[in-house]
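Here is how the chains run, residue by residue.
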Amino acid sequence: MRIDIVTIFPEFFDVLDLSLLGKARQSGLIDLGVHNLRDSTIDRHHSVDDTPYGGGAGMVMKAEPWGAALDAILGSDAPAAAPAAQAEGGPILIFPSPAGDQFTQAMARELSLEQHLVFGCGRYEGIDQRVVDHYSQRGRVRLVSLGDYVLNGGEVAVMAMIEAIGRLIPGVVGNPASLVEESHEDGLLEYPSYTKPASWRGLEVPPVLLSGNHGAISTWRRQQQIERTERVRPDLLPRTI
Ligand code: JBE
């Protein structure tokens, strides 16, 4: 998968050299490009923001640098000349935004099947609305929200999305079985896990896990998943009415 990120803080994404995703990049499973929005400015001061039309607090990111940066990644075909990009298979342009669709495991799975994702990290009070409007005429654009809280910009949200999406790309996580058993994949939270020693600070591992009875262990784990989900995240359970 090809992933491009446009940001005014490219160093933020240095951590993607680490861990599983770093390995996936080295092996070519993920091809990552991080682009500094300031490199696409045309004025002497490299300004990326300006005051909002209509007044109000804060600054708005200017359309021109975004247009230049995104055209360099997506190509600069005029809307009418780019019907192919509208079809499945063209890049998806994603803007993290509290005003977007909620990011979920299901969305991560969908996006992990794509060939090319482009993330635009907004800062300040947002990006000139015409950037989203323009690229929506040319291809697939999505506003996606990590959650209902205020971040200073899209960088941290993009990092979380890339981690969730990247680990679903075949080959990135060494043992595919570990993907299936995780929280949210079957709609329930994970069961609690234990390892040696069997006794620690007066706390014992549940005896069923030491029994060697695989049927009993599966049943116990399932019960734990249901009990935990009912207690912590009842909203995840199917409604009975
Ligand atoms: O969730 N998000 O994607 C955000 C983006 C920017 C600012 N706050 C957010 N919650």
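Residues numbered from 1 in each chain as written. Predicted model: local features only at pLDDT ≥ 70, side-chain atom pairs only at ≥ 80, totals over all residues. Heavy atoms only, no water.

Peer 1: Tell me about the UniProt feature "binding site: S-adenosyl-L-methionine" (unreviewed entry) in the protein chain, residues and numbers included.
Peer 2: Following the UniProt record, the feature "binding site: S-adenosyl-L-methionine" (unreviewed entry) maps to G122, L146, G147, D148, Y149, V150 and L151 here. As for its position among the elements, Y149 is in the loop between β7 (140-145) and α6 (155-166). For Y149, a relative accessible area of 45% puts it in the partly exposed group. For L151, the position within the fold is in the loop between β7 and α6. (UniProt positions renumbered as here; feature names shortened; annotations may be inferred. Helix = DSSP H or I, 4+ residues; strand = E, 2+ residues; numbered from the N terminus. Buried < 20%, exposed > 50% of the residue type's maximum accessible area, 1.4 Å probe, protein only.)

Peer 1: Explain the side chain of T41 to me, and be specific about the residues and the numbers.
Peer 2: Relative to the assigned elements, T41 resides in the loop between β2 (31-36) and β3 (49-50). Of note is the side chain of T41, whose polar atom sits 2.6 Å from the backbone oxygen of R38. Side chain to side chain, T41 and H46 meet in a polar contact 2.9 Å long. Among residues more than four places away in sequence, those in contact with T41 are H46, S47, V48 and P65. (Polar contact = N/O pair within 3.5 Å; in protein donor to acceptor, adjacent residues only side chain to side chain. Contact = heavy atoms within 4.5 Å.)

Peer 1: Tell me about the packing of helix α2 (residues 63-74) against helix α5 (residues 129-138), and name the residues and values.
Peer 2: The N-to-C vectors of α2 and α5 enclose an angle of 25 degrees; their axes lie 10 Å apart at closest approach. In terms of orientation, α2 and α5 fall into the roughly parallel class. Where α2 crosses over α5, the handedness of that crossing is right-handed. Note on element contacts: α5 touches α2 through V131, Y135 and R138, opposite A63, W66, G67, L70, D71 and L74. Class assignment of the residues belonging to the contact of α2 with α5 gives a composition of 6 nonpolar, 1 polar and 2 charged. (Axes fitted to C-alpha atoms, helices over the stretch in contact; angles between N-to-C directions. Parallel < 35°, antiparallel > 145°, perpendicular 65-115°, else oblique. Left-handed = near helix turned anticlockwise from the far one by under 90°. Nonpolar A, V, L, I, M, F, W, Y, C, P; charged D, E, K, R; others polar.)

Peer 1: I'd love a proper account of the site of the ligand, names of residues and values included.
Peer 2: Close to the ligand lie P96, S97, P98, V144, S145, L146, G147, Y149, L151, G153 and A157, which account for all nearby residues. Between S145 and the ligand, the recorded distance is 3.5 Å, taken from a side-chain N or O atom to an oxygen atom. In this structure, Y149 approaches the ligand through a main-chain N or O atom, which is 2.7 Å from a nitrogen atom. For the ligand, whose unbound accessible area comes to 270 Å², protein coverage reaches 94%. Residue assignment for the shell around the ligand shows that the elements contributing at least two residues are β5 (92-102) and β7. Broken down by element, the shell around the ligand gets its largest block of residues, 3 residues, from β5. (Near = heavy atom within 4 Å. Areas by Shrake-Rupley, 256 points an atom, 1.4 Å probe, with all protein chains shown as cover.)

Peer 1: Tell me about the sheet that holds β5, and name the residues and values.
Peer 2: Strand order in the open sheet formed by 5 strands is β2-β1-β6-β5-β7, and the pairing between neighbours is parallel. The sheet is open, and its two edges are formed by β2 and β7, each paired on a single side. If you compare each strand with its neighbour and ignore which way they point, the axes differ by 30 degrees on average. Where strand β1 (residues 2-7) meets strand β6 (residues 116-120), 5 bridges bridge the pair, whose relative direction is parallel. Residue pairing in the sheet places I5 in a bridge with F119 of β6. Where α5 meets the sheet, it contacts β5 and β7, and its direction lies at approximately 135 degrees from that of β7. (Pairing = 2+ DSSP bridges.)

Peer 1: Explain the pattern of salt bridges to me, using residue names and the numbers behind them.
Peer 2: Oppositely charged side chains can pair when the atoms bearing their charge come close. Under the counting rule described, the total for this entry stands at 13 salt bridges. Taking the shortest distance from any N to any O, the salt bridge between R140 and E114 comes out at 2.9 Å. Residue R140 is located in strand β7, and its partner E114 is located in the loop between α4 (105-111) and β6; the two are separated by 26 residues in the primary sequence. In this structure, D186 and R222 form a salt bridge, with 3.2 Å as the shortest nitrogen-oxygen distance. On the criterion of sequence distance, the pair formed by D186 in the loop between α7 (176-180) and β8 (199-200) and R222 in helix α8 (residues 214-232) is long-range, its members being 36 residues apart. Overall, the relative accessible area of 35% leaves D186 in the partly exposed class. Beyond isolated ion pairs, a larger network of salt bridges with shared partners links R2, D4 and D31. (Salt bridge = Lys/Arg side-chain N within 4 Å of Asp/Glu carboxyl O.)

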